[in-house]
Amino acid sequence: MIDPPNQDTKTPEPLVDVDSPESFDLSHVVPSRPAIVFSSPRAFARSFSRRWKSIWTRRFTLALFSGQVVALCITCTNVTTTELVNRNWALPTTQTFFLYFSIFMIYTPYTLYQYGLKGWGKMVLRDGWKYFILAAFDVEGNFLVVKAYQYTDLLSCMLLDAWAIPVCMFVSWVYMRPRYHWTQILGVIICIAGLGLLVASDELTDKDWTALNRAKGDGFMIAGATLYGLSNATEEFFVRKRPLYEVVGQLGMWGTLINGVQAAGLEHGAMKLASWNRMTIGILVAYTSAMFILYTVAPMLYRLASSTYYNLSLLTSDFWGLLFGLFLYHYRPYWLYFIAYVVIIVGLVTYFWCSTPEEQGKLDPTAPAYVNKRGAELIPSSSSSA
């Protein structure tokens, strides 16, 4: 067999504003991986090197980094929630209300600035029902997962929470028909194996607790993980077609309404008994800040890679939790944690060993056709005057 021509020279991959349709326009060029050649050891080594280098584009590196950012944010929310409970402040629905309200207050004014009040109103009337469903998935997913931790044990929570991954993959396929390669399935299996090592580490270090009602808690966790998968895949579908500020702003608006009504109905009595002081308010601010970053970075990661990749990245959060525990709770590091983290990272790289991020779905975010986006009318007016 003849070695293929040298493919070391790569066209640099453009990566600009993630809100620009031209940033990741898949309709023109979809990069592919160099082939692996098995004709000789030397040819195999050279082709393997080319494949390895082809993975580490700016887009993939940003996706890998963003995945660790959201995993770190999840760890921060777990730590702050634990601190709130320890200070007699256990209001999970009220706690997330501040998150939805904050993203609503930040992203909706910018959407109004871009679309104008009339255009924003049209968008809410025509497409608001879609974002209402997305917000309902997200709010109830958060609620059910928090409830599950109250009834079942840590082992069940960690394993069943991974159910969000196959749900997300299936729903993404229904929406966008991504090209799943067998190496992507292998990458998922490797990441799940890393999760297994994390679960084993928690069991061996006695971090588990006794389940109060395993059947009820496991049911809550499966339902919550299913809603997480639906929410993540649906949001990815939206941000691939619409600007980020529109999607996140609408998620915040409807989430605030749904979450506010639910909190008033379920936790109005507990609000009076909860401890409200400077420390709890400060922890609430830290929790909301971490969640705000997560809800901002997550849709960017959906564009850079996919919602499935986002869920796989979250599996590393237990490792970051160990690092927090070393300083805050004086945990003793167990050696399996470090191996598990490496295994999950290997799985994240394997996920794109053959497939590319560009193949995960078409990316063409534009404002709705019925909206006159700010500055859009400047081009026609200038051409008509000429």
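As shown above, the structure is provided for reference.
Residues numbered from 1 in each chain as written. Predicted model: local features only at pLDDT ≥ 70, side-chain atom pairs only at ≥ 80, totals over all residues. Heavy atoms only, no water.

**Re the packing of helix α3 (residues 92-151) against helix α8 (residues 244-273)**
Axes are the key here: two packed helices are described by the angle between their axes and the distance separating the axes. As a packed pair, α3 and α8 sit with axes 10 Å apart at the nearest point and diverge in direction by 140 degrees. With respect to their mutual orientation, α3 and α8 come out oblique. For the contact of α3 with α8, a count of residues per class yields 29 nonpolar, 15 polar and four charged. (Axes fitted to C-alpha atoms, helices over the stretch in contact; angles between N-to-C directions. Helix = DSSP H or I, 4+ residues; strand = E, 2+ residues; numbered from the N terminus. Parallel < 35°, antiparallel > 145°, perpendicular 65-115°, else oblique. Nonpolar A, V, L, I, M, F, W, Y, C, P; charged D, E, K, R; others polar.)

**Comments concerning the environment of Leu304**
Its place among the elements puts Leu304 in helix α9 (residues 278-304). Take Leu304: its relative accessible area is 5%, and that puts it in the buried class. Spatially, the C-alpha atoms of Leu304 and Leu62 are 7.5 Å apart, while their sequence positions differ by 242 residues. (Buried < 20%, exposed > 50% of the residue type's maximum accessible area, 1.4 Å probe, protein only.)

**Describing the environment of Phe60**
Here Phe60 lies in helix α2 (residues 58-86). Under the relative-accessibility criterion, Phe60 is labelled buried at 0%. As for Phe60 and Phe352, which are separated by 292 residues in sequence, their C-alpha atoms are 8.5 Å apart. Residues in contact with Phe60, not counting those within four places in the same chain, are Ile55, Tyr309, Leu348, Val349 and Phe352. (Contact = heavy atoms within 4.5 Å.)

**Digging into the packing of α3 against helix α7 (residues 214-239)**
Look at α3 against α7: their axes get within 7 Å of each other, and the N-to-C directions meet at 150 degrees. Overall, the two elements α3 and α7 adopt an arrangement that is roughly antiparallel. The interaxial crossing formed by α3 with α7 has left-handed handedness. Across the contact of α3 with α7, the residue classes tally to 16 nonpolar, six polar and seven charged. (Left-handed = near helix turned anticlockwise from the far one by under 90°.)

**Topic: the pattern of salt bridges**
Under the counting rule described, the total for this entry stands at seven salt bridges. The shortest N-O distance in the salt bridge between Glu358 and Arg59 comes to 3.7 Å. Highlighted residues: Glu358 in the loop between α12 (335-350) and α13 (378-385) and Arg59 in helix α2, separated in sequence by 299 residues. On the accessibility criterion, Glu358 (8% relative accessible area) is buried. The class of Arg59 is buried, set by a relative accessible area of 1%. Notably, a salt bridge pairs Glu236 with Arg240, separated by 2.9 Å at the nearest N-O pair. For the pair Glu236 and Arg240, a shared accessibility class is recorded, and that class is buried. Overlapping salt bridges, with partners in common, bring together Asp127, Lys130, Arg242 and Glu246 in one network. (Salt bridge = Lys/Arg side-chain N within 4 Å of Asp/Glu carboxyl O.)

**Comments concerning the environment of Met300**
By secondary structure assignment, the location of Met300 is in helix α9. For Met300, a relative accessible area of 30% corresponds to the partly exposed category. Sequence spacing of Met300 and Val239 is 61 residues, and the spatial spacing of their C-alpha atoms is 8.4 Å.

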